[in-house]
Amino acid sequence: MSNRETQPRTRYSCQEAREDSELVLSDRATALLRERYDEHLRACRDCRRVHRALYAVYEGPSVPPAASGMREEKEFHAILRQMKTERVDPWYRKWAIGATVGGLATAAAVLTLTLFDIAPEVLSLPPSEDETTRQLAGVFGGSGAEDQAQTSDGGIEHPAQSYGRVVGGLAIIVPPGETAASSDTFPVGTRFSVDPDQSLQLGLVGKIVANFTPSSEIEWTAASPSLLELQIERGTAAVRYDRRPSDPVLQIRTPTAVVRVIGTVFTVHVSDDSNTVVSVLRGQVEVLHPKTNRLLAEVESGFRYDVAKSTFDDPGKAEVEAALPLSNEHGSDDAAGAEVLALADGRIPSNWNVPGLPQDPRFRTLDYVPARASAVDTGNTAASRPARSEPATVVIGTRDTRHVDDEGEDLIGRLVRDAELTRRKELRSALGTCRDLYESVETRYLAAKCLTTFIDKYGDDPLAVEGYLLVGILRMDYALDYDAAEVAFQTFLRRAPSHASAEVALYRMWLASTENGRISEALGRGRKYLARYPNGKYVGKVLQRFPELKSAL
Amino acid sequence: MLEHVENFAIAHAQAGESAAAESGTFLSPEERLLVARARVGEHRALRQIYSTYQAQVRAHLYRLLGQDAEIDDLTQIVFARAFNALDKFQGNSTLGTWLYRITANTTHNLLRQRFRRERVKTALNWFHSGRTANVGSTRVEARDEAHRILQQLRPDLREVFVLYHYEGLTLQEVSEILEKPISTIGDRLTRARKQLRDLVVA
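These figures come from a predicted structure and were not determined experimentally. (Residues numbered from 1 in each chain as written. Chains lettered and ligands numbered in written order. Predicted model: local features only at pLDDT ≥ 70, side-chain atom pairs only at ≥ 80, totals over all residues. Heavy atoms only, no water.)

Helix and strand counts for chain B stand at nine helices and zero strands. Ordering the α and β elements of chain B from the N terminus gives α-α-α-α-α-α-α-α-α. Taken across its 202 residues, chain B has 50% of its residues classed as buried. Sequence separation of 24 or more characterises 68% of the internal contacts of chain B that already satisfy a separation of 6 or more. For chain B, the computed accessible surface area is about 9900 Å², with 51% contributed by carbon and sulfur atoms. (Helix = DSSP H or I, 4+ residues; strand = E, 2+ residues; numbered from the N terminus. Buried < 20%, exposed > 50% of the residue type's maximum accessible area, 1.4 Å probe, protein only. Contact = heavy atoms within 4.5 Å. Areas by Shrake-Rupley, 256 points an atom, 1.4 Å probe, with all protein chains shown as cover.)

As structure tokens, this is what we get:
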């Protein structure tokens, strides 16, 4: 440290100030030195300039933001391509290395054969990719597949995740090979013809929620760890995909375009003349030519792109309405720092970019979405909505007409009946509102908020315990919020362990861990369910995704 | 003046080195598994490594090279080289430190080339129009000026200064990245600081 700190007040010139500048800038100067330095700076203009410049040098240049979204995705793929070019060796090197390695290997093999007996594994085939992973994990001290299964950092890690579920609505469903059991769970290759009067809501691989407007024709064509693909022949699909880095890219194929999605909320409309219109409310999508994969447009949030005309426009009411059942906004943090559960309340989320719509939450409703002059008929207008008294979630197969169980529908019906028995007017009225919301697929996503209010008010009432289960189901199906759903299921099971609906809660807990990618936990829960309910309602669904659990029966 | 601090840092770094050598690894179990998955070419693991470290690599390149159209290309080259060299990664440093090393190797020649070119250009400018005017006083101008000053620092000194002061690495880590003894790094850091001060005062 500088001697000037301890010395009595001596002359402090520019030379001393400049020598001390680094100590001051790196906060290592004593109070006395700092005082003298500052005093000198106040008096010397030139030293002030030097101090400012040095301060800027030590602070460093401000760094531009890192790549994100589409740019990040493109860069990663460019890196994968670059890897191949970087790997190319000159031909002479390949030959030289090949000849040397070959010669040495032959010599070693001859020597080994001469001197020792060969262990059988020496002659076996090279290890597969999975085996190599396990071996390498072993080398590093990890526990291999089990650790991998426990992580849920995105991606499709297990075939059990490659399924979709009908969340609500009415459609003709044709599973591939028409061999699927009567179930709301369907595999890749399934075709959907949505009912002319009601929309269809699906959850895919536990990561995507999609809403298809009436009369839409869709096929789920691919589900691999890197790509999910839907084919739309007709109608409108609204999709919400909150993609994590290792999740697959979603592609929507139409007769005239391919829409590539990294993670966003958007709608794709295919008109009767096969034209495609893409509207993006959050994030960004790429529209590609279906045959050449040439980029036609990058559509950002707040834009609507017409493929036939190659024009950009604002998204209109029809698109926002189609996507609204998928609305989910992250809650704000409370005073304790925990994230507050945000439940959909029918308002357009603040992170959706709808031009002309005010940011004030009071005005973020469909009524305030500006109408577009040339609005596309997406087949999802208010007039086409079914009355709320119509039955919901009836899924019909082409060959065998079947009714799929809807746990939520049964639960809310039972809740209302129990409330009526108690003759408690206010309880009945609160539940009636929630039931009305639940009955229509278009408003079902709002029932979670209604039921949460109901639980807040009547949560201690033994009658209201099924409300927890319902909230969990809705949070899981519409918000893909598996953690919140599990808390709700656990609360239900803790409060009513031998309730008639305990089977539903156990099944839903298994489903939550499966769709969330926590495979070893899902296997444990699946075993637990099968042990407790060997002839249960959901045995088929558990075995459909985990055939290996047959032995647990 | 700073020598006490530097000596202490060097001694501390050497103590840290032996402790790390004893513990045998710098990676958490999750990172070890991630590297193992990436080695067999699993895209999701490679993607995770890229997502975690791309901001670090890009920022480091920017600090070394300044505003440059080639930063995106260099980021891609760094990751492509890293992914191809995963087999050689022994886990003797953190993934971040290892990527710094690859970045340093990738940019070393480029930095030297540019520095030489810049020096010739500056000399010619000086010959034609005399020394440049004093820097402006606003914060933005001062930071632009900082960038300009940094570019005048010799590449070997700039590398050490950027890694130590901007990336917040220890002398030991800088020494591992640049594969030079700690004493050399300490010496370069002192010279970098002195040269920067001279450049600012000039």
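Structure shown, so let's carry the discussion forward.
All names here are of chain A. Counted according to the given criterion, the structure contains one disulfide over all chains. The side chain of Cys434 participates in a disulfide bridge whose partner is Cys450; the two sulfur atoms lie 2.1 Å from each other. Here the S-S torsion is close to -85 degrees, and the disulfide linking Cys434 with Cys450 is therefore left-handed. On the criterion of sequence distance, the pair formed by Cys434 in helix α10 (residues 425–439) and Cys450 in helix α11 (residues 447–458) is long-range, its members being 16 residues apart. Cys434 gets classed as buried once you look at its relative accessible area, which sits at 1%. Judged by relative accessible area, which is 16%, Cys450 ranks as buried. In this structure Cys14 is not part of a disulfide, and its nearest cysteine sulfur, from Cys47, lies 3.5 Å away. (Disulfide = S-S within 2.5 Å.)

Turning our eyes to something else, we now look at the environment of Arg304 of chain A. All names here are of chain A. Note that Arg304 resides in strand β14 (residues 303–306). A sequence separation of ten residues divides Arg304 from Asp314, and the C-alpha atoms of the two residues are 5.3 Å apart. Within the local environment of Arg304, its side chain forms a polar contact with the side chain of Glu319, the two groups lying 3.1 Å apart. (Polar contact = N/O pair within 3.5 Å; in protein donor to acceptor, adjacent residues only side chain to side chain.)

Those residues of helix α2 (residues 29–39) of chain B lying buried are Arg32, Leu33, Leu34, Val35, Ala36, Arg37 and Ala38 of chain B. Following α2 of chain B by one or two positions, Gly41 of chain B adopts a phi angle in the positive range, close to 85 degrees.

We now examine the confidence of the model for chain B. Regions with low pLDDT should not have their predicted coordinates read in detail. All names here are of chain B. Counting all residues, the mean pLDDT for chain B is 79, and 77% of those residues have values of 70 or more. A low-confidence stretch, residues 16–24 stays under pLDDT 50, and its non-local contacts, those more than four residues away or across chains, total three contacts. Throughout residues 131–138 the model reports pLDDT below 50, and contacts reaching past four residues in sequence, or to other chains, amount to seven contacts. (pLDDT = per-residue confidence, 0-100.)

This part covers helix α7 (residues 155–166) of chain B. Residues and elements named next belong to chain B. End to end, α7 covers 15 Å across twelve residues, agreeing with the expected 16 Å (1.5 Å per residue, within 8%). For α7, a buried count of ten out of twelve residues is recorded, marking the element as mostly surrounded by other parts of the structure. Immediately beyond the C-terminal end of α7, within one or two residues, lies Gly168, with a positive phi of roughly 70 degrees. (Expected span 1.5 Å × (residues − 1).)

Further remarks concern the pairing of strand β10 (residues 264–270) of chain A. Residues and elements named next belong to chain A. Burial analysis of β10 places seven of its seven residues in the buried class, the great majority of the element. By the alternation rule, side chains of β10 split into Thr264, Phe266, Val268 and Val270 and Val265, Thr267 and His269, which are all buried. Alignment of strand β7 (residues 227–241) against β10, held across seven bridges, turns out to be antiparallel. Paired with Val239 across the two strands is Phe266, which belongs to β10. The pairing of β10 with strand β11 (residues 276–282) spans six bridges and is antiparallel. Across the sheet, residue Val268 finds its bridge partner in β11, namely Val278. (Pairing = 2+ DSSP bridges.)

So, on to the nonpolar core. Membership of the largest hydrophobic core comes to 74 residues, with the highest contact counts inside it found for Ile348, Trp352, Val354, Tyr529 and Phe546 of chain A. A domain split of this core shows at least three residues from each of domain 3 (163–368) and domain 4 (405–552) of chain A. Those residues in contact with Phe546 of chain A, other than ones at most four positions away along the chain, are His158, Ala160, Trp510, Thr514, Ile519, Ala522 and Leu523 of chain A. Val35, Leu46, Tyr53 and Leu153 of chain B belong to the second-largest nonpolar core, a separate cluster that totals 52 residues. (Core = buried A, V, L, I, M, F, W, Y, C linked by side-chain atoms within 4.5 Å. Domains from an automatic or database assignment.)

Attention now moves to unusual backbone geometry. One non-glycine residue, Asn293 of chain A, lies in the positive phi region at around 60 degrees. Positionally, Asn293 of chain A belongs in the loop between β12 (284–288) and β13 (295–300). At Glu179 of chain B, a residue that is not glycine, the phi angle is positive and equals roughly 55 degrees. Position of Glu179 of chain B among the secondary structure elements: in the loop between α8 (171–178) and α9 (182–201).

A complete count under the given rule lists 16 aromatic pairs over all chains for this structure. When the centroid spacing of 4.0 Å and the interplanar angle of 5 degrees are considered together, the rings of Tyr507 of chain A and Tyr538 of chain A count as stacked. Linking Tyr507 of chain A in helix α14 (residues 502–515) with Tyr538 of chain A in the loop between α15 (519–532) and α16 (539–545), this pair joins segments that are 31 residues apart in sequence. By the burial criterion, Tyr507 of chain A is buried, and Tyr538 of chain A matches it. When the ring of Trp510 of chain A is compared with that of Phe546 of chain A, the centres are 6.2 Å apart and the planes differ by 75 degrees; the resulting orientation is edge-to-face. Of this pair, Trp510 of chain A sits in helix α14 while Phe546 of chain A is found in the segment after α16, placing the two residues 36 residues apart along the sequence. For the pair Trp510 of chain A and Phe546 of chain A, a shared accessibility class is recorded, and that class is buried. Seen from the ring of Phe76 of chain A, Arg47 of chain B lies directly overhead, with NZ or CZ sitting 5.4 Å from the centre. (Phe/Tyr/Trp six-rings, centres within 6.5 Å; stacked < 30°, edge-to-face > 60°. Lys NZ or Arg CZ within 6 Å of the ring centre and 35° of its normal.)

Let us look at the packing of helix α3 (residues 43–65) of chain B against helix α4 (residues 71–84) of chain B. Residue and element names in this part refer to chain B. Orientation of α3 relative to α4, taken along the N-to-C sense of each, is 135 degrees, at an axis distance of 9 Å. Looking at the two axes, α3 sits oblique to α4. Relative to α4, the crossing made by α3 is right-handed. Facing α3, whose interface residues are Leu46, Ile49, Tyr50, Tyr53, Gln54, Val57, Arg58, Leu61, Tyr62 and Leu65, α4 presents Ile71, Asp72, Leu74, Thr75, Val78, Phe79 and Phe83. Looking at the contact of α3 with α4 residue by residue, the class counts come to 13 nonpolar, two polar and two charged. (Axes fitted to C-alpha atoms, helices over the stretch in contact; angles between N-to-C directions. Parallel < 35°, antiparallel > 145°, perpendicular 65-115°, else oblique. Left-handed = near helix turned anticlockwise from the far one by under 90°. Nonpolar A, V, L, I, M, F, W, Y, C, P; charged D, E, K, R; others polar.)

The next point concerns the packing of helix α3 (residues 45–59) of chain A against α7 of chain B. Running from N to C, α3 of chain A and α7 of chain B point in directions that differ by 80 degrees, and their axes come no closer than 9 Å. Considering the angle they form, α3 of chain A stands roughly perpendicular to α7 of chain B. Residues Val57, Tyr58 and Glu59 of chain A of α3 of chain A pack against Phe161, His165 and Tyr166 of chain B of α7 of chain B. When its residues are assigned to classes, the contact of α3 of chain A with α7 of chain B shows four nonpolar, one polar and one charged.

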